[in-house]
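# Observations on the three-dimensional arrangement
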Amino acid sequence: MSSESGPISKGIVTTGSLITRDGVFMKGHGTFVENGEIYASITGTVERINKLVSVTSLRQRYSGEIGDIVVGRISRVGLKRWLVNVNGRQDARRKSASDELQMRKFFKEGDVVFAEVQSVFVDGALSLHTRSLDYGKLRNGVVCYVSPALVVRSRSHLISLHCGVDVVLGVNGCIHIGKHRVFSHLQVDSDNDEAYLKDEQSSLESNTKAGNSSTLPNNDYSDIYSDVNDDIDISTRTNISRVHNCIVILDRLFIRLNSTSINTAYEQSLQYFVPELLKQDVANEIAESRDNKNSAMTFKLLVNSVAYGILSRTDDLSAQRYTIE
Amino acid sequence: MSLYPISISETNYIAKGVEADFRVDGRDNLSFRDFSIVTGVVSQTYGSARCRLGSLGKGTDVLVGIKAEIGNWTPGEPDNLFGKRGKIVCNVQISPISSQFFSGRSSDDLEIELTQILANSISLEQSSIDLEQLCIIEKQAYWILYVDALVLGYDGNIIDTLFYATRAAFSDIQLPKVVVESVLDEETNTEHQAFEIIDDPSALRPFNDWENIPMSVTSYIIGKRYVVDCSVQEETISTARITVTINKNGDICSIHKGDMKTGISPSLLQNILSISKRIGVDLVSAQSAKIENAKLSKDDSEIPDTSLTFLNLF
């Protein structure tokens, strides 16, 4: 902090706490000004970009930005557009350039869509697009909701795990976990190129099969809008459930979701049966083994957790073992 | 309940999982999630408990508080013709914070349904609760227990969570002692009985035989099979619901059917009843152990077991 800009609170602030008395700062999101002093209007972490001070809440609703990759659920089908619930302040819209008479042929209520934010309206509503062939309807799996703060905007929101499971991380905190499929255009964070290529061929075959049986003329589109699941064998199903439970654990521990954290949690979980994972002691153990590998991350977790009262007892998560490094 | 929107492919995925006896979170069709119980969470009540089911700190969460009041018997009261019994009045409310689907009046129907199920199972004869212990003076005064349940989190299977919390709250009841004495009315020279509540915090009595309160096992029918302890998604795609209440002896106390999209074949029903009985007996003993545990940890812990610390268990 440079000396002329004056003192500014760092770290976590609560509602109404003073951030700075210095008049040179500008108020950003999550702050308000009284008598020239900037106060926090929400609880969260203080962030400063040059002269702009803002507070980011950790448990907030999702507010969209252009280019975000989101996973949402169709909540209503309109005449010319679909309304998508993206867990934001407003429902997002997905504009359609397609046949207006067959809106439900493409997306129905309840469908899970994978899309990109095209623009943000003044009132906070979003406009989405699914222009790439990789976007569109998600199937062959389950959806799970986490805190939106845990998914950061990054290079890749598609994670292909070794075990043949794809994780689609929506920036809005909606996560789809499903059987591996091939994304042709988007960058995929795959750690297993060989398996990836092998899978590509088999998936291409299944794509054409699905295309033939569909009523829609275009093979590519029929796959995007298909509701029919592929055959999912029991081992893939087990892996999907394992990844699902790992993501639930990471969410409860407030650990950021990315390919590293998901992979580590997955590997740690392998010594347990899938249904055991959501039992409290096992989840704690997985969390603890993570600590050794990445103490910086867990320290941050601890700070966050204490601030939010997640750890209010000392015996929970053995908090006394952490030291500030 | 069909509040939760769900896609065709998800429905298919979940249904296939149920068929393969491997559900989304890895459980088989007949296993329950972990649940935790704390008692004595609301100090203004005569007995309270909170139960949370599954999902590591989130999940379905029900808070039950029991308040007692003294009621005056009037002749011709239904269910209490001879004035020998007390009363239990149930009320279930769903807080909008429990789920984004419960805003405004959308939870009203469910509230009424849950209240009915709880009231039928607890305050009627079939509950095998000794209501005569709530009578203070025959044909004159009795205790009314108001059982108020508040649903604070919703992740499927509200009904069973409601029963766990209610049973635990009954175990926590401490009613004030009442002294009944005969008073001689000098004007008419007749004797009548009067009671006095002892205003001493140590003179309390528990609710006897709360162990007899039944627990419920709710099965949801998905396809040709059924699952217990559903998640929200599974509830959404299920076609029928059967709630069986079972007491500690393994006797079936009541059966409720809900969410009628389909009927149930007699053989399936018979199967559900026998499985529910088996699960129910285990649940009753598991729950009793948890209640004991909750009471023990409350005694020797320096940190008060407030609702907040429980909320953040894990």
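Residues numbered from 1 in each chain as written. Chains lettered and ligands numbered in written order. Predicted model: local features only at pLDDT ≥ 70, side-chain atom pairs only at ≥ 80, totals over all residues.

The name given to chain B in an unreviewed UniProt entry is Ribosomal RNA-processing protein 42, with the source organism recorded as Smittium megazygosporum.

The record in UniProt for chain A states the following under Subcellular location (unreviewed entry): "Nucleus". UniProt, in its Sequence similarities (unreviewed entry) section for chain A, records the words "Belongs to the RRP4 family." (UniProt positions renumbered as here; feature names shortened; annotations may be inferred.)

The helix and strand tally for chain B stands at six helices and 14 strands. The C-alpha atoms of chain B give a radius of gyration of 21 Å, which matches the 20 Å a tight globule of 314 residues would have. Taken along its principal axes, the extent of the C-alpha atoms in chain B is 80 × 50 × 40 Å. Here chain B holds 314 residues, and the buried ones make up 42% of them. Taking all contacts inside chain B whose residues are at least 6 apart in sequence as the whole, residues at least 24 apart take part in 69%. (Helix = DSSP H or I, 4+ residues; strand = E, 2+ residues; numbered from the N terminus. Rg over C-alpha atoms; globule rule 2.2 N^0.38 Å. Buried ≥ 20, exposed ≤ 12 C-beta atoms within 10 Å, placed from the backbone. Contact = placed C-beta atoms within 7 Å.)

Another aspect to go through is the pairing of strand S11 (residues 215-222) of chain B. Residues and elements named next belong to chain B. The buried fraction of S11 is high, at eight of eight residues. Of the two faces of S11, the one carrying Met-215, Val-217, Ser-219 and Ile-221 and the one carrying Ser-216, Thr-218, Tyr-220 and Ile-222 are both buried. Where S11 lies against strand S13 (residues 240-246), seven bridges are found, and the strand directions are antiparallel. Pairing of Val-217 across the sheet is with Val-244, part of S13. Counting the residues between successive antiparallel strands, the hairpin from S11 to strand S12 (residues 225-228) contains two residues, one of them, Gly-223, with a positive phi of roughly 65°. (Pairing = 2+ DSSP bridges.)

Further remarks concern helix H3 (residues 158-171) of chain B. With 14 residues, H3(B) should reach 20 Å at 1.5 Å per residue; the first-to-last C-alpha distance of 20 Å fits that figure. Of all 14 residues that make up H3(B), 14 are buried, and the element is covered over most of its length. (Expected span 1.5 Å × (residues − 1).)

Attention now moves to the packing of helix H2 (residues 108-122) of chain B against H3(B). Residues and elements named next belong to chain B. As a packed pair, H2 and H3 sit with axes 11 Å apart at the nearest point and diverge in direction by 45°. In this view, H2 runs oblique relative to H3, as classed from their interaxial angle. When you trace H2 past H3, the crossing you get is right-handed. Contact residues: H2 offers Leu-114, Ile-117, Leu-118 and Ile-122, while H3 offers Ile-158, Ile-159, Leu-162 and Thr-166. Residues belonging to the contact of H2 with H3 are distributed by class as follows: seven nonpolar, one polar and no charged. (Axes fitted to C-alpha atoms, helices over the stretch in contact; angles between N-to-C directions. Parallel < 35°, antiparallel > 145°, perpendicular 65-115°, else oblique. Left-handed = near helix turned anticlockwise from the far one by under 90°. Nonpolar A, V, L, I, M, F, W, Y, C, P; charged D, E, K, R; others polar.)

Our focus in this paragraph is the UniProt feature "domain: K Homology" (unreviewed entry) in chain A. Per the UniProt record, the feature "domain: K Homology" (unreviewed entry) sits at residues 141-181 of chain A. Counting secondary structure, residues 141-181 of chain A comes out at 0% helix and 46% strand; the distance between its end C-alpha atoms is 11 Å.

It is worth spelling out the nonpolar core at this point. In this structure, A:Val167, A:Ile175, A:Val243, A:Ile247, B:Leu162 and B:Ala165 are the most contacted members of the largest nonpolar core, which totals 124 residues. Each of two domains, domain 2 (69-224) and domain 3 (234-321) of chain A, supplies a minimum of three residues to this core. Ignoring any residue separated from it by four or fewer positions in sequence, one finds A:Val243 in contact with A:Leu161, A:Val165, A:Val167, A:Ile177, A:Ile262 and A:Tyr266. (Core = buried A, V, L, I, M, F, W, Y, C linked by C-beta atoms within 7 Å. Domains from an automatic or database assignment.)

Residue and element names in this part refer to chain B. On average, residues of chain B score 84 in pLDDT, and 91% of them are at 70 or above. Note on residues 301-314: pLDDT is under 50 here. Beyond four places in sequence and across chains, it has 26 contacts. Prediction confidence for the complex, expressed as pTM and ipTM, is 0.79 and 0.84 respectively. (pLDDT = per-residue confidence, 0-100.)

Let's shift gears to the sheet that holds S12(B). Residue and element names in this part refer to chain B. Read across the sheet, four strands follow the order S12-S11-S13-S14 without closing on themselves; strand pairing throughout is antiparallel. Whereas interior strands pair on both sides, the edge strands pair on one side only; in this sheet they are S12 and strand S14 (252-258). For this sheet the average axis-to-axis angle between neighbouring strands, irrespective of direction, equals 25°. The strands touched by H2 within the sheet are S13 and S14, with S14 carrying the most contacts at an inclination of about 165°. Relative to the sheet, H3 contacts S11 and S13, its axis offset from that of S11 by approximately 175°.

Take unusual backbone geometry next. Of note in this structure, A:Asn50 is not a glycine but carries a positive phi near 50°. In this structure, A:Asn50 sits in the loop between strand S6 (44-49) and strand S7 (52-56). Positive phi is not limited to glycine here, since B:Lys139 has a value of about 55°. With respect to the helices and strands, B:Lys139 occurs in the loop between strand S5 (135-137) and strand S6 (141-153). Note on B:Lys139: 16 C-beta atoms within 10 Å, which makes it partly exposed.

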